[in-house]
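Spelled out from the first residue to the last, the chains are:
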Amino acid sequence: MAYWGEPILVEDLLFRPEHSLIDQSLHSRLGETTTNGDGFGIGWYGEGAEPAVYKGIEPAWNDSNLREIAGQVRTSRLLAHVRASTGTAVQRSNCHPFRHDRWLWVHNGALRGFSEIRRDLLMAVDPTLFSDMEGSTDTEALFYLALTFGLVDDPLGAVARAVGFVEDVGHANGVEHPVQMTVATTNGESLWVFRYSSERRSRSLFFSTRLSALRALHPEVEVLRELGGETRFVVSEPLRDLEGAWNEVPESSAAVVGSGADAIWPFAPISPV
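The model shown is predicted, which means the values in this text are computed figures rather than measured ones.

(A) Here's a closer look at the overall build of the protein. Each helix and strand counted, the protein has nine helices and 13 strands in total. Against the 2.2 N^0.38 benchmark of 19 Å for 273 residues, the protein shows a C-alpha radius of gyration of 18 Å, consistent with a compact globule. If one aligns the C-alpha atoms of the protein with their principal axes, the spans along those axes are about 55 × 40 × 35 Å. Here the protein holds 273 residues, and the buried ones make up 55% of them. Within the protein, one finds 23 positive and 37 negative side-chain charges whose respective centroids are separated by 2 Å.

(B) Molecular detail of the nonpolar core. Membership of the largest hydrophobic core comes to 36 residues, with the highest contact counts inside it found for Leu121, Leu151, Val159, Met181 and Phe267. At the level of elements, β6 (103–111), α4 (114–123), α6 (138–148), α7 (155–172), β7 (179–186), β8 (191–197) and β12 (253–257) are the ones that each hand at least two residues to this core. Among the elements that make up this core, the one with the highest residue count is α7 (eight residues). Setting aside residues up to four positions removed in sequence, Phe267 forms contacts with Leu156, Val159, Ala160, Val163, Met181, Phe194, Tyr196, Ser252, Ser253 and Ala254.

(C) Geometry of the side chain of His100. If you trace the backbone, His100 turns up in strand β5 (residues 98–100). Engagement of the side chain of His100 in a polar contact is seen with the side chain of Asp132, the distance being 3.2 Å.

(D) How the structure looks around a negative patch on the surface. Taken together, the side chains of Glu50, Asp101, Asp132 and Glu134 present a region of like negative charge at the surface. Along the chain, Glu134 turns up in the loop between α5 (127–130) and α6. A residue is classified by how much of its surface remains accessible, and Glu134, at 60% relative accessible area, is exposed.

(E) View of the layout of surface pockets. Each pocket or cavity is described by its volume, and for the largest pocket that value is around 630 Å³. Elements that contribute at least two residues to the lining of the largest pocket include exactly α2 (21–27), β4 (74–82), β6, α6, β7 and β10 (232–235). Its residues placed into classes, the lining of the largest pocket shows 14 nonpolar, 18 polar and five charged. For the second largest pocket, the calculated volume is near 500 Å³. Of all the elements in the fold, those that place two or more residues in the lining of the second largest pocket are β1 (2–9), α1 (10–14), α8 (211–217) and α9 (222–226). A per-element tally of the lining of the second largest pocket places β1 first, with five residues. The residue makeup of the lining of the second largest pocket, split by class, is 16 nonpolar, four polar and seven charged.

(F) Looking closely at the side chain of Arg195. Looking at the element boundaries, Arg195 is found in strand β8. The residues touching Arg195, leaving out its near neighbours within four places in the chain, are Met181, Thr182, Ser202, Arg203, Ser204, Leu205, Glu248, Val249, Pro250, Glu251, Ser252 and Ser253.

(G) Quick look at unusual backbone geometry. A cis amide bond, omega 0 degrees, links His96 with the succeeding residue Pro97. Residue placement: Pro97 occurs in the loop between β4 and β5. Residue Asp101 is not a glycine yet carries a positive backbone phi of 55 degrees. Checked against the element boundaries, Asp101 lands in the loop between β5 and β6.

Definitions and cut-offs
- Residues numbered from 1 in each chain as written.
- Predicted model: local features only at pLDDT ≥ 70, side-chain atom pairs only at ≥ 80, totals over all residues.
- Heavy atoms only, no water.
- Helix = DSSP H or I, 4+ residues; strand = E, 2+ residues; numbered from the N terminus.
- Rg over C-alpha atoms; globule rule 2.2 N^0.38 Å.
- Buried < 20%, exposed > 50% of the residue type's maximum accessible area, 1.4 Å probe, protein only.
- Lys, Arg positive; Asp, Glu negative; His and termini not counted.
- Charge placed at Lys NZ, Arg CZ, Asp CG, Glu CD.
- Core = buried A, V, L, I, M, F, W, Y, C linked by side-chain atoms within 4.5 Å.
- Contact = heavy atoms within 4.5 Å.
- Polar contact = N/O pair within 3.5 Å; in protein donor to acceptor, adjacent residues only side chain to side chain.
- Patch = residues over 30% accessible without salt bridge, like charges linked within 9 Å, V, L, I, M, F, W, Y side chains within 5 Å.
- Areas by Shrake-Rupley, 256 points an atom, 1.4 Å probe, with all protein chains shown as cover.
- Salt bridge = Lys/Arg side-chain N within 4 Å of Asp/Glu carboxyl O.
- 1 Å grid on protein atoms, 1.4 Å probe; cavity = no way out; pocket = protein on both sides within 12 Å on 5 of 7 lines; lining within 4 Å.
- Points joined across faces, edges and corners; volume = space filled by probe spheres on them.
- Nonpolar A, V, L, I, M, F, W, Y, C, P; charged D, E, K, R; others polar.

What follows is the structure, encoded as structure tokens:
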């Protein structure tokens with residue numbers, strides 16, 4: 001889940017919605033697995049120069065410290081993730097979001113054949129970045145490839161080049177469909193999201209309708225009056241069943257959310273060779 005808007009208690013984002021991310025960690029409706037109990041993480045922007053992260057290897061529904069801090073932290077920018085491991089170890093360094101300087105990154109999906117192509121992928125990471133990698137996941141590898149290919153200056157192009165590189169390496173090693181991803185990444189000033197898979201059957205991803213339109217549709221819903229007018233959510237699954245509230249991000253698309261107008265573009269990998 002990504003939140004973008006006026007400062008709000010993390011508790012109201014993670015625990016209050018009917019189908020909150022905490023509920024989804026136990027009862028996912030659209031995910032590959034029903035239960036996502038292999039750790040969790042949140043990343044948010046506050047007073048520091050870099051975003052803060054809090055991660056744990058316990059299931060999100062069972063971490064009492066998460067509940068404690070969620071009731072005290074207020075933020076206008078949040079990324080949150082519940083994990084179901086695709087084969088790598090359940091450890092804190094493998095939990096999302098991943099952070100580098102001002103950047104946060106979360107990913108649902110998998111780089112298929114990762115154990116076979118991992119070495120080739122990691123050898124392409126910029127040497128000045130390599131020592132900052134802490135875990136063993138395909139998600140962190142994809143993040144550092146995007147950083148290597150220019151994420152800081154050109155987020156859309158960098159992710160396209162990173163995905164193109166993974167597909168090139170995967171195909172060279174006999175992996176038919178190397179990439180399955182929905183990704184959200186932010187530097188605290190804008191939020192970029194991506195929905196793409198090599199077989200064009202990507203995991204679910206939705207963005208919220210503008211709040212002014214929702215308030216007109218549902219004047220009876222109190223929570224809509226409590227949120228700021230520029231509120232945006234990007235979620236793997238809708239947080240509640242509310243007609244007109246959610247829009248599916250199109251297959252093979254990228255979108256940006258920021259202080260100006262939102263935009264969606266077609267997304268296609270770029271071979272960096």
